[in-house]
Amino acid sequence: MQLRYNYRAYPDASQCRALAQAFGCARVVWNDCLRDRKEAHAAGLPYPKSADLSRLRITQAKRTEERAWLADVSAVVLQQSLRDLDAAYKNFFDSIKGRRRGRKVGPPRYKSKKDSRQSIRLNTNAFSLQGNGTVYVAKVGHLKVKWSRRLPAAPTSLTVTKDGCGRYFLSFVVDAEPDILPELEADAGLDLGLSVFAVLSNGSEIDSPRFLRRAEKKLRRLQRELSRKAKGSKNRAKARIKVARQHAKVTDRRRDWHHKTSTQIIRDNQAVYVEDLAVSGLGRTRLAKSVHDAGWSAFVGMLEYKAVKHGRTFAKVGRAFPSSQVCSACGFRDGPKPLHVREWTCGECGTLHDRDHNAARNVLFEGRRIVATGRAETLNASWSAGKTRTKVPAQRVEAGSPRKGRTTQAGIPGL
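Calculation rules
Residues numbered from 1 in each chain as written. Predicted model: local features only at pLDDT ≥ 70, side-chain atom pairs only at ≥ 80, totals over all residues. Heavy atoms only, no water. Salt bridge = Lys/Arg side-chain N within 4 Å of Asp/Glu carboxyl O. Helix = DSSP H or I, 4+ residues; strand = E, 2+ residues; numbered from the N terminus. Buried < 20%, exposed > 50% of the residue type's maximum accessible area, 1.4 Å probe, protein only. Disulfide = S-S within 2.5 Å. pLDDT = per-residue confidence, 0-100. Contact = heavy atoms within 4.5 Å. Patch = residues over 30% accessible without salt bridge, like charges linked within 9 Å, V, L, I, M, F, W, Y side chains within 5 Å. Areas by Shrake-Rupley, 256 points an atom, 1.4 Å probe, with all protein chains shown as cover. Lys, Arg positive; Asp, Glu negative; His and termini not counted. Charge placed at Lys NZ, Arg CZ, Asp CG, Glu CD. Axes fitted to C-alpha atoms, helices over the stretch in contact; angles between N-to-C directions. Parallel < 35°, antiparallel > 145°, perpendicular 65-115°, else oblique. Left-handed = near helix turned anticlockwise from the far one by under 90°. Core = buried A, V, L, I, M, F, W, Y, C linked by side-chain atoms within 4.5 Å. Pairing = 2+ DSSP bridges. Nonpolar A, V, L, I, M, F, W, Y, C, P; charged D, E, K, R; others polar. Phe/Tyr/Trp six-rings, centres within 6.5 Å; stacked < 30°, edge-to-face > 60°. Lys NZ or Arg CZ within 6 Å of the ring centre and 35° of its normal.

What about the pattern of salt bridges?
Point 1. According to the stated counting rule, one finds 20 salt bridges in the structure shown.
Point 2. With a closest N to O distance of 2.8 Å, D94 and K90 form a salt bridge. Of this pair, D94 and K90 are both found in helix α3 (residues 75-96), four residues apart, which corresponds to roughly one turn of the helix.
Point 3. By relative accessible area, K90 is classed as exposed at 51%.
Point 4. For the salt bridge of R368 with D187, the shortest nitrogen-to-oxygen distance reads 2.8 Å. Pair noted here: R368 is in helix α9 (residues 355-372) and D187 is in strand β8 (residues 187-192), with a separation of 181 residues, a long-range link.
Point 5. When its relative accessible area of 39% is taken as the criterion, R368 is described as partly exposed.
Point 6. Shared partners join several salt bridges into a network, and the residues in it are D163, R167, D252 and R255.

Topic: the state of the cysteines
Point 1. For the structure shown, the criterion picks out zero disulfides.
Point 2. With no disulfide of its own, C346 lies closest to C349 among cysteine sulfurs, the gap being 3.6 Å.
Point 3. Here C346 falls in the buried class, since its relative accessible area comes to 3%.
Point 4. Of all cysteine sulfurs, the one in C330 lies closest to C349, which takes part in no disulfide; the gap is 3.6 Å.
Point 5. When its relative accessible area of 37% is taken as the criterion, C349 is described as partly exposed.

Quick word on the confidence of the model for the chain
Point 1. In the predicted model, the chain carries a mean pLDDT of 88, and 90% of its residues have values of at least 70.
Point 2. Scored below 50 in pLDDT, residues 377-415 makes 89 contacts in the model with residues more than four places away or belonging to other chains.

Topic: a negative patch on the surface
Point 1. A cluster of acidic residues, E205, D207, E343 and D354, forms a negative patch on the protein surface.
Point 2. Along the chain, E205 turns up in strand β10 (residues 205-207).

Looking at the packing of helix α2 (residues 50-59) against α3
Point 1. For the pair α2 and α3, interaxial distance at closest approach is 11 Å and the crossing angle is 140 degrees. Relative to α3, the element α2 is oriented oblique. Considering how the two elements wind past one another, α2 and α3 form a crossing that is right-handed. For the pair α2 and α3, contact is made by S50, L53, S54 and I58 and by L78, Q79, L82 and D86, respectively.

Remarks on the nonpolar core
Point 1. Ranked by internal contacts, the top residues of the largest apolar core, which has 47 residues, are I120, V135, W147, L151, L158, L170 and F172.
Point 2. Broken down by element, the residue count for this core peaks at 10 residues, all from helix α1 (residues 13-42).
Point 3. Contact partners of I120, with chain neighbours within four places excluded, come to L19, A22, F23, A26, V77, L158, T159 and V160.
Point 4. Grouped together as the second largest cluster of nonpolar side chains are 26 residues, L200, A215, V279 and A307 included.

Considering the sheet that holds strand β5 (residues 141-146)
Point 1. Strand order in this open sheet of seven strands is β2-β6-β7-β1-β5-β4-β3, and the pairing throughout is antiparallel. On the outer flanks of this sheet lie β2 (118-122) and β3 (127-129), each paired with one strand and no other. Across the sheet, the axes of successive neighbouring strands diverge by a mean angle of 30 degrees, strand direction being ignored.
Point 2. Along the sheet face, α1 touches β2, β5, β6 (155-162) and β7 (168-175) and points at about 85 degrees away from the line of β2.

Points about a positive patch on the surface
Point 1. Taken together, the side chains of R214, K218, K234, K238, K242, R245, K249 and R253 define a basic patch exposed on the protein surface.
Point 2. Residue contributions to the positive patch peak at six residues, all from helix α5 (residues 234-268).
Point 3. For K249, the position within the fold is in helix α5.
Point 4. Look at K249 and you get partly exposed, because its relative accessible area is 41%.

A closer look at the pairing of strand β12 (residues 313-317)
Point 1. Counting buried positions over the five residues of β12 gives four, a clear majority of the element.
Point 2. Bridging between strand β11 (residues 271-275) and β12 involves five bridges; their strand directions are parallel. Paired with V274 across the two strands is K316, which belongs to β12.

Thoughts on the packing of α1 against α3
Point 1. Axis separation between α1 and α3 bottoms out at 9 Å; the angle between their running directions is 45 degrees. Classified by the angle their axes make, α1 and α3 are oblique. As for the relative orientation of α1 and α3, their crossing is right-handed in sense. For the pair formed by α1 and α3, the contact residues are A22, C25, A26, V29, W30, C33, L34, R37 and K38 on the first element and V77, L78, S81, L82, D84, L85, D86, A88 and Y89 on the second.
Point 2. Across the contact of α1 with α3, the residue classes break down as 13 nonpolar, one polar and four charged.

A short note on the pairing of β2
Point 1. Within β2, four of the five residues are buried, which leaves the element mostly enclosed by the surrounding structure.
Point 2. Relative to β6, β2 is paired through five bridges, and the arrangement is antiparallel. What sits directly across from S119, in β6, is T161.

Quick notes on the packing of aromatic side chains
In this description, a pair of aromatic rings is defined by centroid distance and the angle of the planes.
Point 1. Taken as a whole and assessed by the stated rule, the structure comprises 10 aromatic pairs.
Point 2. With a centroid separation of 6.0 Å and 70 degrees between ring planes, the pair formed by Y47 and F93 is classed as edge-to-face. Linking Y47 in the loop between α1 and α2 with F93 in helix α3, this pair joins segments that are 46 residues apart in sequence.
Point 3. Overall, Y47 belongs to the partly exposed group, its relative accessible area being 42%.
Point 4. Joined through ring pairs, the aromatic side chains of Y7, F127, W147 and F172 make up one cluster.
Point 5. Against the face of F169 rests R8, its NZ or CZ located 5.8 Å from the ring centre.

Following this line, the structure appears as structure tokens:
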């Protein structure tokens, strides 16, 4: 299985300039190749192959006066940018043909130097881990890295990213073996909400931290200061970075809390069942800010890949399942109820239910039924799932590239 490990990097001034040049060159290659394919499609010509684009937009472009500066960065950066474009087109074609599950994927779009996130991707030919704790990147230098933990294996891919507030990160993709935890008897159904982040089928509740709501006062003040600065001025650029840093703090706190909570749930239960919520639809309602502040999709994604990593069972219950309408005691369907109804009495058996706890129990029962019928895509849900061993992609939707050339060192000595 593929796992992604992120570390904070601290390049010096010259390395920042080299990385900025690499970001720009990768963006130019992406835009040039994308423009060629769009023009060929508009003219009714055949789809340009990657080999032809590589020869035209990378090899030959370096010899021209307009694109001579492409030779100042590593050729791996340019080739990986073209491969990422191929992957984006493949995802788009698979989506419109029905071969890709999930939401529809749109065609690739042009990149801008004003995007809040800039990144380059490298394979093992263009980076290596050094014994002194630095990471060598071709034509950039030895980057100082804050190693928070050891890499479990030699990385197969590296993504260097600069976020909106000027921070640099190194993201390694490694092929790791699953860390199977001892089996337990407990299982849990989760009902996600807003007033309470999650209610488990055993009755326990997980309070919602509301990171964005707690930071709104400071964000409003910083946003007012930004709006008062003249457009194009240096003071406006400084104010924009302050706003971006505050948003980054909120994001980091939420992600850290999601990781800790999801890990605890996976460790305490052999099987976890969650309702498949329509987050994109809820994000267009009056509850949009609270829905995005909760981060349900990211949390469920963490539960899913950690279940495979630790040998647990995970299943999603369809969003059409009436978890809030069915009595968990007798199974009687009592009809829909508005959101302000938090408790209700079953009209058949007379049981008094808490709305969220009853929904969590129904999700648990439905999840058990899904696993029993073998429709859950988990390691130990069915015989076929155990044989195929479901693959877990690297997080942040970036796939690792095959290892070629020299190997890299696993882990950092001395940590």
